[in-house]
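Below, each chain spelled out in residue letters.
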Amino acid sequence: MDMYEVYVKAVSFSAGCASTAMMLTPLLVCKDIVKKKTSDHVNLSTFVGALFRSSLFCRQGYILNLQTMMLVHGMGLLINTFYLALYWYYSNKKTNVITTVFKTALLSSVFQTYSFIESPDLVVTRFPIMVSIIHLSLIGWPLLSIRDTMRTKKWSGHPKPILINSIVLCILWLLYSINIGNTIIFTQCSVALILSSTQLGLWTIYPAEKIQRNKMDKHE
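Quick notes on the rules
- Residues numbered from 1 in each chain as written.
- Predicted model: local features only at pLDDT ≥ 70, side-chain atom pairs only at ≥ 80, totals over all residues.
- Heavy atoms only, no water.
- Helix = DSSP H or I, 4+ residues; strand = E, 2+ residues; numbered from the N terminus.
- Buried < 20%, exposed > 50% of the residue type's maximum accessible area, 1.4 Å probe, protein only.
- Areas by Shrake-Rupley, 256 points an atom, 1.4 Å probe, with all protein chains shown as cover.
- Lys, Arg positive; Asp, Glu negative; His and termini not counted.
- Charge placed at Lys NZ, Arg CZ, Asp CG, Glu CD.
- Contact = heavy atoms within 4.5 Å.
- Salt bridge = Lys/Arg side-chain N within 4 Å of Asp/Glu carboxyl O.
- Core = buried A, V, L, I, M, F, W, Y, C linked by side-chain atoms within 4.5 Å.
- Axes fitted to C-alpha atoms, helices over the stretch in contact; angles between N-to-C directions.
- Parallel < 35°, antiparallel > 145°, perpendicular 65-115°, else oblique.
- Left-handed = near helix turned anticlockwise from the far one by under 90°.
- Nonpolar A, V, L, I, M, F, W, Y, C, P; charged D, E, K, R; others polar.

Visitor: Where do I start with the overall build of the protein chain in this structure?
Guide: Broken down by element type, the protein chain carries 10 helices and zero strands. Written out in order from the N terminus, the α and β elements of the protein chain read α-α-α-α-α-α-α-α-α-α. Sorting the 220 residues of the protein chain into buried and exposed places 41% on the buried side. Accessible surface computed for the protein chain: about 13,100 Å², of which carbon and sulfur atoms make up 68%. In the protein chain, which carries 20 positive and 10 negative side-chain charges, the distance between the mean positions of the two groups comes to 9 Å.

Below, the structure written as structure tokens:
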């Protein structure tokens with residue numbers, strides 16, 4: 001085994017571990033839910049969106065024959081299912097949770113069905129493109145409120161830890177895509193890196209913590 005092959009496997013392993021670690025981050029939220037005995041203060045879309053993306057990326061990994069992606073997001077399906085079950089158990093709006101999960105599962109099944117009935121020659125390109133659009137939309141949606149951010153001088157999008165974690169993941173998966181020569185994954189990671197870096201820059205310029213500190217100083 002030459003050094004380059006060792007490097008490729010190390011990058012693949014690091015990307016998989018980092019992705020799995022990010023999936024475990026919501027455990028802190030779950031701990032808060034258990035402590036408060038309610039999940040109604042937590043945005044349901046956080047968990048539902050994660051489960052939805054894992055289902056799409058797991059299928060994409062299978063279509064592109066990327067074992068690392070299949071393994072990571074296969075674990076993501078199990079982990080995020082656990083999060084949703086916990087959320088449902090402590091929710092006072094169980095019917096709403098079930099309805100939202102059902103709609104998301106129905107949407108996911110539409111994409112999954114398409115991936116099975118589409119021509120093998122076309123699905124390797126078209127399915128990842130659809131996944132990319134959905135994935136990048138979920139990452140970049142806070143940028144739609146950039147005018148409000150500049151007006152209020154306060155960043156209200158993804159929090160700093162999520163952005164930093166996202167940037168690290170993008171870099172690792174970017175290296176992975178270069179190693180395996182996959183243009184689709186490279187494009188996904190490149191755009192996601194730009195979106196996350198832009199948002200981190202906005203957070204640095206307009207940190208919410210600065211506003212809170214100023215208010216505390218005024219009260220003192």
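Visitor: I keep staring at the environment of K160 and nothing clicks. Help me out?
Guide: Turning to its location among the elements, K160 is positioned in helix α8 (residues 160-180). Measuring from C-alpha to C-alpha, the distance between K160 and S196 comes to 10.0 Å, with 36 residues separating the pair along the chain. Discounting chain neighbours no more than four positions away, the residues touching K160 are L200 and W203.

Visitor: Honestly, the pattern of salt bridges in this entry has me stumped. Any pointers?
Guide: Any two side chains of opposite charge can pair, so long as their charged atoms come close to each other. Tallying each qualifying case throughout the model produces three salt bridges. Notably, a salt bridge pairs R126 with E118, separated by 3.2 Å at the nearest N-O pair. Of the charged contacts, one joins R151 and D148 as a salt bridge, the two residues approaching to 3.4 Å between their closest N and O atoms. Highlighted residues: R151 and D148, both in helix α7 (residues 146-152), separated by three residues, approximately one helical turn. Assessed through its relative accessible area of 41%, D148 is described here as partly exposed.

Visitor: How do you make sense of the nonpolar core when you look at a structure like this?
Guide: In globular proteins that are soluble, nonpolar side chains generally tend to be buried together. In terms of nonpolar packing, the biggest core is built from 29 residues, with L56, L66, M69, F111, F127, W173 and I185 touching the most fellow members. A per-element tally of this core places α8 first, with seven residues. Excluding its chain neighbours within four sequence positions, the residues that come into contact with I185 are Q60, L64, L66, M69, W173 and S177.

Visitor: How should I be thinking about the packing of helix α3 (residues 44-63) against helix α5 (residues 94-117) in this particular structure?
Guide: Geometry of a packed helix pair, given as the angle between the helix axes and the separation of the axes. Packing of α3 against α5 brings their axes to within 10 Å, and their N-to-C directions diverge by 15°. Classified by the interaxial angle, the pair formed by α3 and α5 is roughly parallel. As for the relative orientation of α3 and α5, their crossing is right-handed in sense. When α3 is examined against α5, the residues L44, V48, F52, S55, L56, R59 and I63 are found in contact with a partner set consisting of N96, V97, T100, V101, T104, L107, S108, F111, Q112, S115 and F116. Per-class residue counts for the contact of α3 with α5 are 10 nonpolar, seven polar and one charged.

None of the figures reported here should be taken as evidence of function without further support.
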